[in-house]
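So you can see what is in the structure, the chains are spelled out below.
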Amino acid sequence: MTILEIVKMLLGIDASGISKDNILTHFIKKARDIALGYCNIAELPESYNDVLADFTVYLYKNRDVEGIASKTEGERSVKLGQGIPESIKLALPLPKIKVGCQ
C-alpha cells in the first residue's frame, strides 16, 4: 500500500478518487521533509510509511491553523500544538547528531 493510499484510507477518501491527490501528495512531501529534517537523515526507511501517513493526516487536518498558537471563539479558548506531535516524534527514528563542520 502506498503512503497516498494509506492517507486516503485514514481520511475516509475513496481510493479511486483523484480529486485530492495533488494536495495530499503535497502534504506527504511536506511531512517527509519535516521528518527528515527532524531526524537529520537523508532518507526515511519504508518501514516508517505508516508514521509518515499519520503525520500527513495531521498536517492536512491542521492546515488552516498552521502558525496559530491559540484560537478563541466567544468564551472558549483552545491552545494549539506547534511542530511535530509527540506521538509522531516517538515513532520516528531518533535524530542523528552530526559532529564537526563540513
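Residues numbered from 1 in each chain as written. Predicted model: local features only at pLDDT ≥ 70, side-chain atom pairs only at ≥ 80, totals over all residues. Heavy atoms only, no water.

Participant: Could you clarify how one ought to interpret a nonpolar patch on the surface in this entry?
Facilitator: On the surface, Met 1, Met 9 and Leu 10 cluster together into a nonpolar patch covering about 340 Å² of accessible area. With respect to the element layout, Met 1 can be found in the segment before α1 (3-11). (Patch = residues over 30% accessible without salt bridge, like charges linked within 9 Å, V, L, I, M, F, W, Y side chains within 5 Å. Areas by Shrake-Rupley, 256 points an atom, 1.4 Å probe, with all protein chains shown as cover. Salt bridge = Lys/Arg side-chain N within 4 Å of Asp/Glu carboxyl O. Helix = DSSP H or I, 4+ residues; strand = E, 2+ residues; numbered from the N terminus.)

Participant: Sorry, what's going on with the pattern of salt bridges here?
Facilitator: Going through the model one piece at a time under the given rule, you end up with three salt bridges. When the shortest N-O distance is used, the salt bridge between Lys 29 and Asp 33 registers 2.8 Å. One end of the pair, Lys 29, and the other, Asp 33, are both in helix α2 (residues 21-39), four residues apart, so they sit about a helical turn from each other. A residue is classified by how much of its surface remains accessible, and Asp 33, at 39% relative accessible area, is partly exposed. (Buried < 20%, exposed > 50% of the residue type's maximum accessible area, 1.4 Å probe, protein only.)

Participant: What am I meant to see in the nonpolar core here?
Facilitator: Within soluble globular proteins, side chains that are nonpolar generally end up buried alongside one another. If you look at the biggest cluster of nonpolar residues, it comprises 22 residues, and the most contacted ones within it are Val 7 and Leu 92. Of all the secondary structure elements, the ones that give two or more residues to this core are α1, α2 and α3 (49-61). If we skip the residues at most four places from it in the chain, Val 7 touches Leu 24, Ile 28, Ala 53, Thr 56 and Val 57. (Core = buried A, V, L, I, M, F, W, Y, C linked by side-chain atoms within 4.5 Å. Contact = heavy atoms within 4.5 Å.)

Participant: What is the right way to read α3 from this model?
Facilitator: Each α-helix turn comprises 3.6 residues. Residues three or four places apart therefore point the same way. For α3, spanning 13 residues, the distance from its first C-alpha to its last is 18 Å, which sits close to the expected 18 Å at 1.5 Å a residue. What α3 keeps buried is the set Asn 49, Val 51, Leu 52, Ala 53, Phe 55, Thr 56, Val 57, Leu 59 and Tyr 60. Looking at the buried side of α3, the elements it contacts are α1, α2 and α4 (86-91). (Expected span 1.5 Å × (residues − 1).)

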